[in-house]
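# Results of the structural survey
Single-letter residue listing:
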Amino acid sequence: MRFLIALLCCVTLQMQAQKPKKPSSSEIYEQLEGLNFLGTALYFAAHPDDENTAMISYLANTVHARTGYLALTRGDGGQNLIGPEIRELLGVIRTQELLAARSTDGGEQRFTRANDFGYSKNPEETLAIWERDQVLSDVVWAIRNFKPDVIINRFDHRSPGTTHGHHTTSAMLSVQAFDLVNDPEVFPKQLELTETWQPKRLFFNTSYWFYGGQEAFDNADKSNLVKVDVGSYYPSFGLSNTEISASSRSQHKSQGFGNTGSRGDQIEYLELLKGDYPQNGNLFEGIDTSWNRVKGGAAIGKILEAVEKNYDFKNPAASLPQLLEAYELIKKLKDAHWRDLKITQITALIKACAGLYLEATTGQQTAVANETIAVNFEAINRSDFPITLENIVLEPSGEKYDVAEPLRSLNFNKRYNMQQKFNTGAADLTTAYWLKEEGSVGIYKVTDQRLIGLPETPKAFKAVFNLKMGGVTIPVTTDLVYKYNDRVDGEVYEPFEIVPKASVAVKDPVIIFANAEPKKITAEVTAYTSNLSGTVGLNVPSGWTVSAPQKLAIAQKGETKSYAFTVTPPKNASEGILQPQLQLNDKTLTTKITKIDYEHIPLQTLVLPSTNKLVRLDIAKKGNYIGYIAGAGDAIPESLEQIGYQVAQLNINDVTAESLKQFDAVVMGIRAYNILDELKYKQPLLLDYVNNGGTMVVQYNTARGFNFPNLGPYPLELSSNRVTDEFAKVTIIDPSAEILNVPNKITAKDFEGWVQERGLYFPVNWDEAYKPLISMHDKDENPNEGSLLVAKYGKGHYIYTGLSFFRELPAGVSGAYRLFTNMLSIGKNDQKIKQ
């Protein structure tokens, strides 16, 4: 169990950006207050961005409690407003956004293995897909390890069917787990690595939203609710708590959750669900949060209370003798949980008070197993307190570098530098641990119990600086990172990663063959070591053929070469998996390296299976040149190009009456009307284009707060209606409709193999000029007929669809391609429709 706690502490530190933290004197004092508080709170919800950052920041910075956020999922099923990544790669982005949020508000981040499979309408469906016992096990595991005194649910466990099924399920699991975590008969295997625990209180963080509106909430009886003013002002930061929480909320950039800070009081309401009611409003009432909580802690508390009382903001190093005395006593505590947590905290505090800067860097971002690389160490003591650097140990090898005089003594403000060579050994490849093995639709597969719940894979390579201060030996651990100088950004830090010798990948995740003609498919090979040689080839499914493997030779590390192969599909419709493959001597590689690089998160380097989907479509199309106005981001243009369309991606300023004339159809990207205000001025031009004979396809927009008066040529009202079951039966309303017949005959088979959902935000009311073509619904619901509406307007056609083409086309769903092609072809067909 001690190993597990240490692992959790290390991951907490990894939540920060790669750049070393340099806390100010005021920030050091805040850390000291946290060191003297022995209480823990855990906030509980379903997704990234569900959390109440004001409450988390309040608990972490006003109360000084160790505060965590347990998100059941990583948000894999959401949309992405900043780039093309969806599903698992979006989950990686949102994980890092949560870590950035916690770095901002002072909390810690945890997860379960639950996969965000998309919107769910009720907990029954959610728990069936998540495999109830598995996710409950993860919740119990999280609570047993984090050991919260107080748990706060974001959602109401008593209102199934009124909100996202994931939301209600998160609360239901929290309530259930509260009574299970202290039972040794529940998930007993966990107790080999942790121990039982009993939280003291469970709350529901209610608000006007759960009462149906602000007026109803204002008039409600709140006598049973605990009121917490989270509008604290922190002179140390020069910020109000609500300003910090807004900054934290704004880290969810992929979801467009930029938030404006506020100041002044802000009341949060908590309904007690389990435990005794705190009469004075203190969530930790009756819980000893002082050092007296642990046996042997009284003496520590006495020392650290004096340190806090006498803290010298101009000379934090004056606190070092007492901090070192307390450090020695904390090491002797029998309570492993608090001992290991507080050792981590006080070590960071000692380092900060001494103005110690410790760094281990390398000049390369990646390395392969058994590669010898150079590591640069830097140490500087910016206080007058005597410190000796005895040695530096590189983990995981344990290689020790002794330090000789005169560098051994870290004299005031004298920089110590040393470079050493070390071998990476048989290191594991870098990737997100939950993506190493194939899981199910509802839950990721993680075989190492100790990893379950951690936000990211613990870094393997670390430097341990063994220091002697006032006769006390203190190991200070820092991750090995890649550091370089950028001409614009200056000093840049990125994670150091272990990768295979090479990456082999075909760019497009789905390759569409619209006919039986062969295609050239290019495999890109990137060398991550010098003098790479071997062969590269493509494995194709039965019935497909491919040209022979080719020899490869790449001299320079980092160099990429392309190898083209001819792939011939079968004559008839077919689907299968394409797998690029490298043969390097006696080793076969079938993996690719994927990098996710956004300014607001650390560079992510993932080693993933290199596979692509091959689809031979039975498809015909009319028209060729498509104008595409992007919205929140999707891969529809690239998908259309795969089947032979020429797609022009239009800037909103490019939309003129003259420019629109050249297009056979114009397509609006998802959420375009939600995020492009300029469309208010361009919409008349687009509708004129339709009136003059053009085809316009509008994909879904979110209904909440939607206020666009002329979305279509006739009145059209959006709703939150959706069909979440991707297997839901589709009924054709108008079998004679052109879109369902030409140039491709649409049948029930075309709705097979859809992923995640059928569609979302369907219109609920529309003018009779719109003709609904298909109907669908989730279990026990009324039919939805608004998923695909077509209206004749002047000489052209206007189509509104909430069908999830933005998911289906990139996934290579044949029927979705055929239907989308029919939409683009409307009005251009000359054949008669067969009844």
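Residues numbered from 1 in each chain as written. Predicted model: local features only at pLDDT ≥ 70, side-chain atom pairs only at ≥ 80, totals over all residues. Heavy atoms only, no water.

## Concerning the overall build of the protein chain
The cut-off we apply is this: Strands here mean DSSP runs of E at least two residues long; helices mean DSSP runs of H or I at least four residues long; both are numbered from the N terminus. We compute the radius of gyration from the C-alpha atoms alone; for a globule the expected value is 2.2 Å times N to the 0.38, where N is the number of residues. A simple rule labels every residue: compare its accessible area, found with a 1.4 Å probe on the protein chains alone, to the largest value its type can have, and call it buried under 20%, exposed over 50%, or partly exposed in between. Here, two residues are considered to be in contact whenever any of their heavy atoms come within 4.5 Å of each other.
Within the protein chain, the secondary structure is distributed over 18 helices and 42 strands. What you see for the protein chain is a C-alpha radius of gyration of 30 Å, in line with the 28 Å of a compact globule of 835 residues. Its C-alpha atoms put the protein chain at 95 × 75 × 55 Å along the principal axes. Burial analysis of the protein chain (835 residues in total) assigns 57% to the buried set. The contacts of the protein chain with a sequence gap of at least 6 include a subset with a gap of at least 24, amounting to 74%.

## Quick look at the pattern of salt bridges
When their charged atoms lie close together, side chains carrying opposite charge are able to pair. Defined as follows: Salt bridges, as used here, are contacts in which a Lys or Arg side-chain nitrogen is within 4 Å of a carboxyl oxygen on Asp or Glu.
What the rule picks out here adds up to 32 salt bridges. Between Glu 192 and Lys 189 there is a salt bridge, with the nearest N and O atoms lying 3.3 Å from each other. For Glu 192, a relative accessible area of 55% puts it in the exposed group. Note that Arg 450 is salt-bridged to Asp 448, the shortest N-O span being 3.2 Å. Through salt bridges that share partners, Glu 51, Arg 102 and Asp 105 make up one connected network.

## Quick notes on the nonpolar core
To keep things clear, this is the line we draw: Joining through side-chain atoms within 4.5 Å is the link that ties buried Ala, Val, Leu, Ile, Met, Phe, Trp, Tyr and Cys residues into a set, and such a set is a nonpolar core.
Membership of the largest hydrophobic core comes to 60 residues, with the highest contact counts inside it found for Trp 291, Ile 350, Phe 377, Leu 389, Leu 467 and Met 469. Here the element with the most residues in this core is helix 12 (residues 336-353); it accounts for eight residues. Not counting the four nearest positions on each side in its chain, Phe 377 is found in contact with Glu 359, Ala 360, Ile 392, Leu 394, Tyr 401, Tyr 416, Asn 417, Met 418, Gln 420, Ala 463 and Phe 465. Residues Ile 643, Val 730, Val 813 and Leu 824 belong to the second largest nonpolar core, which totals 42 residues.

## Quick look at the sheet that holds strand 2 (residues 66-71)
Here is the rule we go by: Here, any two strands with at least 2 DSSP bridges between them count as paired. Axes, fitted as lines to C-alpha atoms, cover a helix only where it is in contact. Angles between the N-to-C directions of the axes lie from 0 to 180 degrees.
Strand order in the open sheet made by the seven strands is 3-2-1-4-5-9-6, with mixed pairing throughout. The sheet is open, and its two edges are formed by strand 3 (108-111) and strand 6 (225-229), each paired on a single side. Each adjacent strand pair in this sheet contributes to an overall mean axis angle of 30°, direction not counted. Summarising the sheet, strand 2 and strand 3 pair through four bridges and their orientation is parallel. Note on strand 3: the bridge partner recorded for Leu 70 is Arg 110. Running at roughly 155° to strand 2, helix 3 (residues 53-62) makes contact with strand 1 (40-45), strand 2, strand 4 (150-153), strand 6 and strand 9 (267-274) of the sheet. Along the sheet, helix 7 (residues 165-178) makes contact with strand 1, strand 4, strand 5 (201-206) and strand 9, crossing strand 4 at roughly 155°.

## Some thoughts on unusual backbone geometry
Pro 396 follows Glu 395 through a cis peptide bond whose omega is 10°. Omega for the peptide link from Val 742 to Pro 743 comes to 0°, which places this bond in the cis form. Relative to the helices and strands, Pro 743 resides in the loop between strand 37 (730-732) and strand 38 (759-766). A positive phi angle, close to 55°, is found at Arg 87, a residue other than glycine. Looking at the secondary structure, you find Arg 87 in helix 4 (residues 87-105).

## Quick look at the pairing of strand 12 (residues 372-380)
If a strand is regular, its side chains alternate between the two faces of the sheet. Where burial is concerned, most of strand 12 is hidden: seven out of the nine residues are buried. Pairing of strand 10 (residues 357-362) with strand 12, which is carried by five bridges, proceeds in the antiparallel orientation. Considered in strand 12, the bridge of Glu 359 is made with Glu 378. Sheet topology places strand 12 next to strand 15 (residues 416-423); eight bridges connect them, and they run antiparallel. Residue pairing in the sheet places Ala 379 in a bridge with Tyr 416 of strand 15.

## Things to note about helix 2 (residues 25-35)
Counted residue by residue, helix 2 has eight buried out of eleven residues, so it is predominantly covered. Packing partners of the buried residues in helix 2 comprise helix 3, helix 10 (297-309) and helix 12.

## Brief notes about the sheet that holds strand 20 (residues 502-506)
Pairing within the open sheet is antiparallel, and its four strands lie in the order 20-22-26-24. A strand with exactly one partner marks an edge of an open sheet, and here the two such strands are strand 20 and strand 24 (545-546). Direction of pairing for strand 20 relative to strand 22 (residues 519-527): antiparallel, over a ladder of five bridges. Across the sheet, Val 504 pairs through a bridge with Val 525, a residue of strand 22.

## Side note on the pairing of strand 41 (residues 788-793)
Summarising the sheet, strand 39 (residues 770-772) and strand 41 pair through three bridges and their orientation is antiparallel. Its bridge partner lying in strand 41, Pro 772 is registered against Leu 789. Pairing of strand 41 with strand 42 (residues 796-801) involves six bridges; the strand directions are antiparallel. Residue pairing across strands places Ala 791 opposite Tyr 798, the latter belonging to strand 42. Once strand 41 ends, the chain turns through two residues before running back antiparallel as strand 42, passing Gly 794 with a positive phi of about 60°.

## Observations concerning the packing of aromatic side chains
Counted only if it meets this: To pair, rings of Phe, Tyr and Trp, with the six-membered ring standing in for Trp, must have centres within 6.5 Å; the planes then decide the type, stacked if under 30 degrees apart, edge-to-face if over 60, and tilted in the middle.
Here the structure, examined in full by the defined rule, presents 30 aromatic pairs. Taking 6.2 Å as the distance between ring centres and 55° as the angle between the ring planes, the aromatic pair formed by Trp 754 and Phe 805 counts as tilted. Placement of the pair is Trp 754 in the loop between strand 37 and strand 38 and Phe 805 in helix 17 (residues 805-808), with a sequence separation of 51 residues. Accessibility assignment for this pair places Trp 754 and Phe 805 in one class, buried. Of the aromatic side chains, those joined through ring pairs into one cluster are Phe 155, Phe 204, Trp 209 and Phe 210.

## Overview of the packing of helix 3 against helix 9 (residues 241-249)
In a pair of packed helices, the angle between the axes and the distance between the axes together describe the arrangement. Let me state the cut-off plainly: Here the angle decides the label: under 35 degrees means roughly parallel, over 145 means roughly antiparallel, 65 to 115 means roughly perpendicular, and every other value means oblique. The handedness criterion is simple: a crossing whose near helix is rotated anticlockwise from the far helix by less than a right angle is left-handed, and one whose near helix is rotated clockwise is right-handed.
Packing of helix 3 against helix 9 brings their axes to within 8 Å, and their N-to-C directions diverge by 125°. In terms of orientation, helix 3 lies oblique with respect to helix 9. Considering the relative orientation of helix 3 and helix 9, their crossing is right-handed. Across the interface between the two elements, Thr 53, Ala 54, Ser 57 and Tyr 58 from helix 3 touch Asn 241, Ile 244, Ser 245, Ser 248 and Arg 249 from helix 9.

## Here's the deal with the environment of Tyr 598
Applicable threshold: Pairs of N or O atoms within 3.5 Å make up the polar contacts considered here, provided that, within protein, one atom can donate a hydrogen while the other can accept it, and that residues adjacent in sequence are counted only when both atoms are side-chain atoms.
With respect to the helices and strands, the residue Tyr 598 is situated in the loop between strand 29 (591-596) and strand 30 (604-609). A relative accessible area of 16% places Tyr 598 in the buried class. Residues in contact with Tyr 598, not counting those within four places in the same chain, are Asn 80, Ile 82, Gly 83, Pro 84, Glu 85 and Ile 93. One polar contact links Tyr 598 to Glu 85, side chain to side chain, over a distance of 2.6 Å.

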